[in-house]
Number of protein chains: 2
Amino acid sequence: MMKHKEIALNKLRGMGDEVLESVLQEEVPSIQIPSRGTSNIIYNPDKKYFELGDRKGTRSLGNVKQIKKMAQMMCVGNFCKELVDIQKTATMREMYYVSEGWDVGFDNQQESNNITEDIEVTLGVSRENLGLLPEEDGASVYGDITLRDEDVEFNALRLGKSGYTIPPTVDDVEIVDADVDRIICVETMGLYHRMVQEKAYERFNALIVGLKGQAARATRRFIRRTSDELNVPVYICNDGDPWGFHIAMVIISGSAKLAHVNHDLATPNAKFLGVTASDIINYDLPTDKLKDIDVTRLKELSGDPRYQTDFWQTEIKKMLKLGRKAEQQSFSKYGLEYIIDTYFPNKISAIEGQSLE
Amino acid sequence: MMKHKEIALNKLRGMGDEVLESVLQEEVPSIQIPSRGTSNIIYNPDKKYFELGDRKGTRSLGNVKQIKKMAQMMCVGNFCKELVDIQKTATMREMYYVSEGWDVGFDNQQESNNITEDIEVTLGVSRENLGLLPEEDGASVYGDITLRDEDVEFNALRLGKSGYTIPPTVDDVEIVDADVDRIICVETMGLYHRMVQEKAYERFNALIVGLKGQAARATRRFIRRTSDELNVPVYICNDGDPWGFHIAMVIISGSAKLAHVNHDLATPNAKFLGVTASDIINYDLPTDKLKDIDVTRLKELSGDPRYQTDFWQTEIKKMLKLGRKAEQQSFSKYGLEYIIDTYFPNKISAIEGQSLE
């Protein structure tokens, strides 16, 4: 069994043992659950991501209102223990239906999601490692990386034009080997296929990651793991609008909602290398006018703790003043290859302080 | 060059030659474009899909209002010819930006999409074969199929847990070999991963396709090609609600909007094997109440030419009477493996008239 599964199993057993112990000692069983309330979600400027503070709540069988929730936690914990034990996984949806057979079921999916999050927070283990998977797959990956999943080993240059798809079970995947100098993530699959077609993975000796918009949890975990294990810079290259900025920021600094798992999902070393207001001016890009909703969002970001750097404050002000936004694909104005032949080399050279020839 | 590319190239050249010829003969150049109006979209009950009728419109340089559109068609045609010639592709979005450098540009993306569709219809060639790709990738595929894309050959059992992702350039992919008796498509990635985890590809000797909801064009083309080239039955296994029904129907009989390419995308031999109102009753499944929008949609489907079979008419009536719908994952009520151990074998045996042991 892989180490992260063993840890999960031990923690699940620990939770059950604690309750059992109390019963045997004729005490009222209770569990301490870190609070996920807004006031307990704190941005840590050193770590560069949101994490949970020290506040905890107590869930006790001595409180009539909490009995059902305690029982549900035990049922979910037990279900997860079995899953991890037999090396299986289930979707949150499947568990919801399975729970129809339990003595304490759920009234709706939201209720079972909440209990699952309670366990994640209490044990400090992500639900993926408890065997509970989100529905969606992660990003596409193309480049010279060799991975192993159970008994199958493969290189992401040899899986077809769409490359490797990151599975929800990303922590079961072993990084065997990689020959890359950097990781370049792009927002759209259109640009991803452009990068593959123009062999950008060779030109930049890079792993190309196609995010498919907002990055899935599996994608964020994969980026974090490759960043840690390969020890190469990670660039997030998105559209030049508040939505593109924030897709990058969630990869870099995590979200407030997932403060309890950001230590596994955030990649604080990753750098935004997407389209900026400065790029729009310098490259005379085709643009669209900022909509009201873009302006509102930019102003929100400007007050967000994750954007309190000179770079972001300057770029957000500049975009608001310019009143325009631009997509990455707009570089096609200068030809399909321009973004790879000229723009990316310029940007990467500037940030790495070395020429990319 | 692959054959479908050669055909596309010849047809593009033909379109240009025709216009040139007229000019040289001092005639007014014009192009006949099959009409895509509703009255020219006809359901063909023998072929079991929508196709275009015989009505055509004429676009002529002699008509002041049509000059710009004619010129745009020539520019897009020329752009596609270059793409196919140098074996590249571009997204519709990229072409839109590239067109900024043309003498006749587009006012918006919709305008360039329309001109592209004009060319598709006129030449009878899908835009993918003209080098113009949709942004999105297709479905995930797991099972014993060996494919080749350019110089890379791979088997879809050896690409990691998420399997093979169908690229937008699906017609460039060669099916080298396959050892499967049937193709089973499922609507959700949750069920796809369940099928992979329970080794349903071995149990049913099947290719498992994870549709990710409404099937992308690349997915529909892949299903059609595997159906034709492997000559095995195709089953579409979706949720038991009007949306699940229709995801299956679009794979089987195509959409009205794409009447001009259904001959390449539809798989009329494919069979719906998703959750029916009868299943809901027979398996006593957990259900949700039909919403108003579900009822409206079911009534629409009941009048749709594609649903005029006894099977569909009966099942739609039964669901309306029952007033309930059910997801495929609801079989988890009987345990995670039930759907693969019991439900699918029952359904497949019934349709194939042989036991699946």
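For the structure itself, look to the data block above.
Because the structure is a prediction, the values reported are computed rather than measured.

Some words on the sheet that holds strand β7 (residues 140-142) of chain A
Residue and element names in this part refer to chain A.
And step 1. Ordered by their spatial adjacency, six strands build an open sheet running β10-β7-β13-β12-β14-β15, and the pairing between neighbours is mixed. Across the chains shown, the open sheet's two edge strands, defined by having one partner strand only, are β10 (164-165) and β15 (271-272).
And step 2. Pairing of strand β14 (residues 234-237) with β15 involves two bridges; the strand directions are parallel. Following the sheet pairing, Ile236 is matched in β15 by Phe272.
And step 3. Contacting β12 (182-186), β14 and β15, helix α13 (residues 338-352) runs over the sheet at an angle of about 140° to β14.

Some details on helix α5 (residues 189-197) of chain B
All names here are of chain B.
And step 1. Counting buried positions over the nine residues of α5 gives eight, a clear majority of the element.
And step 2. Burial in α5 covers these residues: Met189, Gly190, Leu191, Tyr192, His193, Arg194, Met195 and Val196.
And step 3. Just beyond α5, the residue with positive phi is Lys199, at close to 55°.

Comments concerning the sheet that holds strand β8 (residues 145-149) of chain A
Residues and elements named next belong to chain A.
And step 1. One open sheet accounts for three strands, arranged β9-β8-β11; its pairing is antiparallel. Both outer strands of the open sheet, β9 (152-155) and β11 (173-178), are each paired with one neighbouring strand and no more. Averaged over all adjacent pairs, the angle separating strand axes in this sheet is 20°, with direction ignored.
And step 2. One ladder, built from five bridges, connects β8 with β11; its direction is antiparallel. Residue pairing in the sheet places Thr146 in a bridge with Asp177 of β11.
And step 3. Across the sheet, helix α7 (residues 217-230) is in contact with β8 and β11; its angle to β11 comes to roughly 45°.

Considerations on empty space enclosed by the protein
And step 1. According to the stated counting rule, one finds seven cavities of 30 Å³ or more in the structure shown.
And step 2. Size it by volume and the largest cavity reaches roughly 130 Å³.
And step 3. Lining the largest cavity are 17 residues, with Glu128, Asn129, Pro168, Val170 and Asp171 of chain B positioned closest to its centre.
And step 4. Counting only elements with at least two residues in the lining of the largest cavity, the list comes to α1 (3-24), α7 (217-230) and α9 (262-265) of chain B.
And step 5. Here the lining of the largest cavity gets three residues from one element, more than from any other, and that element is α7 of chain B.
And step 6. Taken as a whole, the second largest cavity spans an internal volume of roughly 80 Å³.
And step 7. For the second largest cavity, the lining is made up of 13 residues, of which Gly190 and His193 of chain A together with Thr89, Thr91 and Leu133 of chain B are closest to its centre.
And step 8. Where the lining of the second largest cavity is concerned, the elements lending two or more residues are α5 (189-197) of chain A together with β5 (90-91) of chain B.
And step 9. Counting residues per element, the lining of the second largest cavity draws most heavily on α5 of chain A, at five residues.

Regarding the interface of chain A and chain B
Reports often express the size of an interface as the amount of accessible area lost when the parts come together.
And step 1. Contacts between the two partners involve 48 residues from chain A, matched on the other side by 48 residues from chain B.
And step 2. Around 4,100 Å² of area is buried between chain A and chain B when both sides are counted, 46% of it from carbon and sulfur atoms.
And step 3. Considering only the side of chain A, the residues that lose the most area to chain B are Glu94, Tyr97 and Lys161 of chain A, jointly responsible for 15% of the buried surface there.
And step 4. Taken together, the links from chain A to chain B amount to 12 salt bridges.
And step 5. Between Arg93 of chain A and Glu327 of chain B there is a salt bridge; the shortest N-O distance is 2.6 Å.

Cut-offs applied
Residues numbered from 1 in each chain as written. Chains lettered and ligands numbered in written order. Predicted model: local features only at pLDDT ≥ 70, side-chain atom pairs only at ≥ 80, totals over all residues. Heavy atoms only, no water. Pairing = 2+ DSSP bridges. Helix = DSSP H or I, 4+ residues; strand = E, 2+ residues; numbered from the N terminus. Contact = heavy atoms within 4.5 Å. Axes fitted to C-alpha atoms, helices over the stretch in contact; angles between N-to-C directions. Buried < 20%, exposed > 50% of the residue type's maximum accessible area, 1.4 Å probe, protein only. 1 Å grid on protein atoms, 1.4 Å probe; cavity = no way out; pocket = protein on both sides within 12 Å on 5 of 7 lines; lining within 4 Å. Points joined across faces, edges and corners; volume = space filled by probe spheres on them. Buried area = accessible area lost by both parts, 1.4 Å probe. Salt bridge = Lys/Arg side-chain N within 4 Å of Asp/Glu carboxyl O.

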